[in-house]
Amino acid sequence: MLENQRREQNENWENQVHGLTLKLEHLQKENNQLQKLFHEKSNVNEDIRQEVARLSGENSIIPELKQQVSELQRQKQDLEAHVEVQSREIAEKTDQITNNLQKKIEEEQSQCMHLKQQAEELETDRTELHGRVEELQEQNQQLLKQHLAESEAKTRLSQEASQLTADNMDFEEQLDKKDRLIKKLQSQIKSLEKSERAKSASSPAIPKDYLGMLECKREDETRLIQNIILDLKPRGVVVNMIPGLAAYIIYMCIRHSDYLNDGTKLKSLMNGVITGVKAVIKDHQKDFETLSFWLSNTNHLINCLKQYSGEEEFMKQNTPRQNNNCLKNFDLSEHRQILSDLAIHIYHRFLTVMEKTLTPMIVPGMLEHESLQGVFSMKPPGFRQRSASAPPGAEAHTITSVLQMLSSFHGTMTQHGMEAGLLRQAVKQLFFLTGAVTLNNVLLRKDLCSCRKGMQIRCNISYLEEWLKEQGLGASSAMDTLKPLSQAAWLLQVNKSTDEDAKDIADNCTELNPVQIIKILNSYTPIDAFEKRVTSSFVRKVQAQLQDHEGSNQLMLDTQYRFQVTFPFCPSPQALELLQVPSSLHLGFLTRL
């Protein structure tokens, strides 16, 4: 019992102790809170004290601020009075300005009415003038048609005159050839009569069957080279020779060395021939006839060495008798290559001489000489006639001069028996030079960029084309080299105003690059009332059309450009066994076998 009571009493005490412990903790928390509140009140009191000190300081400046406020109010009153005075002045000035503006507006309205009346009168006058301009344009077009008809008639007359002149020249050449042939035949008749008399005096001999060879003794090789190459003149004695005779004689001597199987003699002869031709070309670098003669004969000799080489590809057109004339023992392909290189060198020298002769004639003949007389008579204002600057007494070149020079070149090449393919290449190079020099001058000179010059250029191109046909060269590619010039002439004549015109120019001027087309358009110079200037907006339209065009951007053509020359194989139908060496060549030391 006591233990139970004691246990209960202990538990009560423990509960009380626990309760007191909780109260103590709670009191401690409250104490802490009170301490925090005390600190906060202390801080607030400090803030209040500081605020009171600040307000006390501000109260000390309030009298000053009141004084400033009163001063500002006084200034405000002064400003309001001043503004009121200025407002009255501005109102008065505004009324005055408004009155002045009203008066000016009324005056301008009256002037506008007067100007409108004048504009209506001017519009009436302009309509009348426009009608008169249209009538004058119709009259001008009729006059232009008449001029063109007269020009065509004069062109036909000039063509007929040039044709008659060319025919007369041909007849004169034929007469000269016939005279030379008569003299040749007379000399042959005399020689035959002498030989017949000699034969009749001696015993009759059995006719000899020749082998198409010429024997040249070793000690006579120098004389052969001297007489057949170094001393041979294209003029005079060569006129009576068949084309390529010098090449045939040289080959017949070469064949005899091959027939004897004498390699040393053959090599010596070939080297002598090549050295001799080189020496002649070096000594006559500016002699057109000598260069033409040896270009033709060198080409003939190359063809002979191919035709009688024994190679099947070169023997297809040979006769059985010609096949017997083939080389038997030696291959001369290396010498053929040396001769081909020499022929190329001669060809370029040959072209240089022709170009130096023809070039001074091109600009006067193609551009400056008025081949379309009567179509237009006016000159561009401010431009001088450059051809008039030629020295007094100098020959004025015309398109006829150019054609005559071309005919002279062609006649000489034909007389020397130049192979047709090689002749066509030379003519093509001359036509390229003519087109390039002419086009370059059109690009550089504004006085040549007009519709009239375009007509003149196209007329002269037609003369050149007709010349090709007369010479039997119509199928050659020479006219293709004149396409840029022909398109430039077309560009000078075509309309240049609408979008369709710009498209036509881009589509048709395929041989001209964009730089050249734009240059011609910018240089175009109207010379009469029928032509119009090319506007900058139209030039921009053409440039837009040409954006996708590819090609060179160079303005000028290279007049020094040379087409690659080729020497096509052309077998000769000449029977070597029938050839006789003319006595005029002084080759009596050769023995015909």
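So, how was this worked out
- Residues numbered from 1 in each chain as written.
- Predicted model: local features only at pLDDT ≥ 70, side-chain atom pairs only at ≥ 80, totals over all residues.
- Heavy atoms only, no water.
- Helix = DSSP H or I, 4+ residues; strand = E, 2+ residues; numbered from the N terminus.
- Rg over C-alpha atoms; globule rule 2.2 N^0.38 Å.
- Buried < 20%, exposed > 50% of the residue type's maximum accessible area, 1.4 Å probe, protein only.
- Contact = heavy atoms within 4.5 Å.
- Areas by Shrake-Rupley, 256 points an atom, 1.4 Å probe, with all protein chains shown as cover.
- Lys, Arg positive; Asp, Glu negative; His and termini not counted.
- Charge placed at Lys NZ, Arg CZ, Asp CG, Glu CD.
- Axes fitted to C-alpha atoms, helices over the stretch in contact; angles between N-to-C directions.
- Parallel < 35°, antiparallel > 145°, perpendicular 65-115°, else oblique.
- Left-handed = near helix turned anticlockwise from the far one by under 90°.
- Nonpolar A, V, L, I, M, F, W, Y, C, P; charged D, E, K, R; others polar.
- pLDDT = per-residue confidence, 0-100.
- Salt bridge = Lys/Arg side-chain N within 4 Å of Asp/Glu carboxyl O.
- Expected span 1.5 Å × (residues − 1).
- Phe/Tyr/Trp six-rings, centres within 6.5 Å; stacked < 30°, edge-to-face > 60°.
- Lys NZ or Arg CZ within 6 Å of the ring centre and 35° of its normal.
- Patch = residues over 30% accessible without salt bridge, like charges linked within 9 Å, V, L, I, M, F, W, Y side chains within 5 Å.
- 1 Å grid on protein atoms, 1.4 Å probe; cavity = no way out; pocket = protein on both sides within 12 Å on 5 of 7 lines; lining within 4 Å.
- Points joined across faces, edges and corners; volume = space filled by probe spheres on them.
- Polar contact = N/O pair within 3.5 Å; in protein donor to acceptor, adjacent residues only side chain to side chain.

## Section: the overall build of the protein
Then step 1. Tallying secondary structure elements over the protein gives 15 helices and two strands in all.
Then step 2. Compactness check: the protein gives a C-alpha radius of gyration of 55 Å against a globular reference of 25 Å for 593 residues, more than 25% above the reference.
Then step 3. By its C-alpha atoms, the protein is 195 × 115 × 45 Å across when sized along the principal axes.
Then step 4. A total of 593 residues make up the protein; the buried ones form 35% of that total.
Then step 5. For the protein, long-range pairs separated by at least 24 residues make up 83% of all intrachain contacts whose partners lie at least 6 apart in sequence.
Then step 6. Accessible area of the protein: about 37400 Å², with a carbon and sulfur share of 52%.
Then step 7. Separation between the mean location of the 70 positive side-chain charges and that of the 80 negative ones in the protein comes to 10 Å.

## Considerations on the packing of helix α4 (residues 245-259) against helix α6 (residues 288-307)
Then step 1. Axis separation between α4 and α6 bottoms out at 8 Å; the angle between their running directions is 40 degrees. As summarised for this structure, α4 and α6 are arranged oblique, according to the angle between their axes. Here α4 runs over α6; the crossing is right-handed. Facing α4, whose interface residues are Leu245, Ala246, Ala247, Tyr248, Ile250 and Tyr251, α6 presents Phe293, Trp294, Asn297, His300, Leu301, Cys304 and Leu305.
Then step 2. Grouping the amino acids of the contact of α4 with α6 by side-chain chemistry returns eleven nonpolar, two polar and no charged.

## Section: the confidence of the model for the protein
Low pLDDT means the predicted atomic positions in that stretch should not be read closely.
Then step 1. Mean pLDDT for the protein: 85, with 91% of residues reaching 70 or above.
Then step 2. With pLDDT under 50 throughout, residues 202-207 is counted as low confidence; its partners more than four residues away or in other chains account for zero contacts.
Then step 3. Within the model, the stretch residues 374-394 combines pLDDT values under 50 with 28 contacts to residues more than four positions away or in other chains.

## Things to note about the pattern of salt bridges
Then step 1. Per the counting criterion, the structure on display carries 16 salt bridges.
Then step 2. The salt bridge partner of Arg49 is Glu46, with a shortest N-O separation of 2.1 Å. Highlighted residues: Arg49 and Glu46, both in helix α1 (residues 2-59), separated by three residues, approximately one helical turn.
Then step 3. A residue is classified by how much of its surface remains accessible, and Arg49, at 48% relative accessible area, is partly exposed.
Then step 4. The residue Arg218 makes a salt bridge to Asp262 at a minimum N-O spacing of 3.2 Å. Of this pair, Arg218 sits in the loop between β1 (214-215) and α3 (221-230) while Asp262 sits in the loop between α4 and α5 (263-283), placing them 44 residues apart in sequence.
Then step 5. Residue Asp262 is classed as partly exposed on the basis of its relative accessible area, which comes to 23%.
Then step 6. Each of the salt bridges in this network shares a partner with another, and the network as a whole consists of Glu71, Arg74 and Asp78.

## Notes on helix α11 (residues 451-470)
Then step 1. Counted at 1.5 Å a residue, the expected span for α11 with its 20 residues is 28 Å, and the 29 Å between its end C-alpha atoms agrees.
Then step 2. Counting buried positions over the 20 residues of α11 gives 14, a clear majority of the element.
Then step 3. Where α11 terminates, the next one or two residues include Gly472, which has phi positive at roughly 75 degrees.

## Focus on the packing of aromatic side chains
Centre-to-centre distance and the angle between the planes together describe a pair of aromatic rings.
Then step 1. Enumeration over the complete set of coordinates arrives at nine aromatic pairs.
Then step 2. Aromatic pair Phe432 and Tyr561: ring centres 5.7 Å apart, planes at 65 degrees, arrangement edge-to-face. Here Tyr561 lies in the loop between α15 (536-545) and β2 (591-592) and Phe432 lies in helix α10 (residues 420-444), a separation of 129 residues in the sequence.
Then step 3. A relative accessible area of 13% means that Phe432 is categorised as buried.
Then step 4. The ring of Phe563 carries Lys428 above its face, with NZ or CZ at 4.4 Å from the centroid.
Then step 5. Directly above the ring of Tyr524 sits Lys496, whose terminal nitrogen or CZ lies 4.1 Å from the centroid.

## Regarding a negative patch on the surface
Then step 1. A contiguous patch of negative charge on the surface is contributed by Glu120, Glu121, Asp125 and Glu128.
Then step 2. Here Glu121 shows up in helix α2 (residues 62-201).
Then step 3. Judged by relative accessible area, Glu121 falls into the exposed class, the value being 52%.

## Considering empty space enclosed by the protein
Then step 1. Summed over all chains, the structure comprises four cavities of 30 Å³ or more.
Then step 2. Taken together, Ala247, Ile250, Val273, Val277, Trp294, Asn297, Thr298, Leu301 and Leu339 make up the full set of residues lining the second largest cavity.
Then step 3. When residues of the lining of the second largest cavity are traced back to their parent elements, those giving at least two are α4, α5 and α6.
Then step 4. Among the elements that line the lining of the second largest cavity, the one with the most residues is α6, at four residues.
Then step 5. Classifying every residue of the lining of the second largest cavity by side-chain character gives seven nonpolar, two polar and no charged.

## Side note on the side chain of Asn513
Then step 1. By secondary structure assignment, the location of Asn513 is in the loop between α13 (499-508) and α14 (514-523).
Then step 2. Within the structure, the side chain of Asn513 is placed 3.0 Å from the backbone nitrogen of Val515, a separation counted as a polar contact.
Then step 3. Setting aside chain neighbours within four positions, we find Asn513 in contact with Ser552, Asn553 and Gln554.

## Let's talk about the environment of Glu531
Then step 1. Secondary-structure assignment places Glu531 in the loop between α14 and α15.
Then step 2. Glu531 sits in the buried class, given a relative accessible area of 12%.
Then step 3. Placed 81 residues apart in sequence, Glu531 and Ser450 show a C-alpha to C-alpha distance of 8.6 Å.
Then step 4. Excluding anything up to four places from it in sequence, Glu531 contacts Ser450, Cys451, Tyr524, Thr525 and Pro526.

## Considerations on the side chain of Thr525
Then step 1. By secondary structure assignment, the location of Thr525 is in the loop between α14 and α15.
Then step 2. A polar contact of 2.9 Å, which involves the side chain of Thr525, links it to the backbone oxygen of Ser523.

## Things to note about the packing of α11 against helix α12 (residues 483-493)
Then step 1. It is at 7 Å that the axes of α11 and α12 come closest, and there the two elements cross at 145 degrees. In this structure, α11 crosses over α12, and the sense of that crossing is left-handed. Contacts between α11 and α12 involve Cys451, Gly454, Met455, Ile457, Arg458 and Ile461 from the first element and Leu485, Ser486, Ala489, Trp490, Leu492 and Gln493 from the second.
Then step 2. Grouping the amino acids of the contact of α11 with α12 by side-chain chemistry returns eight nonpolar, three polar and one charged.

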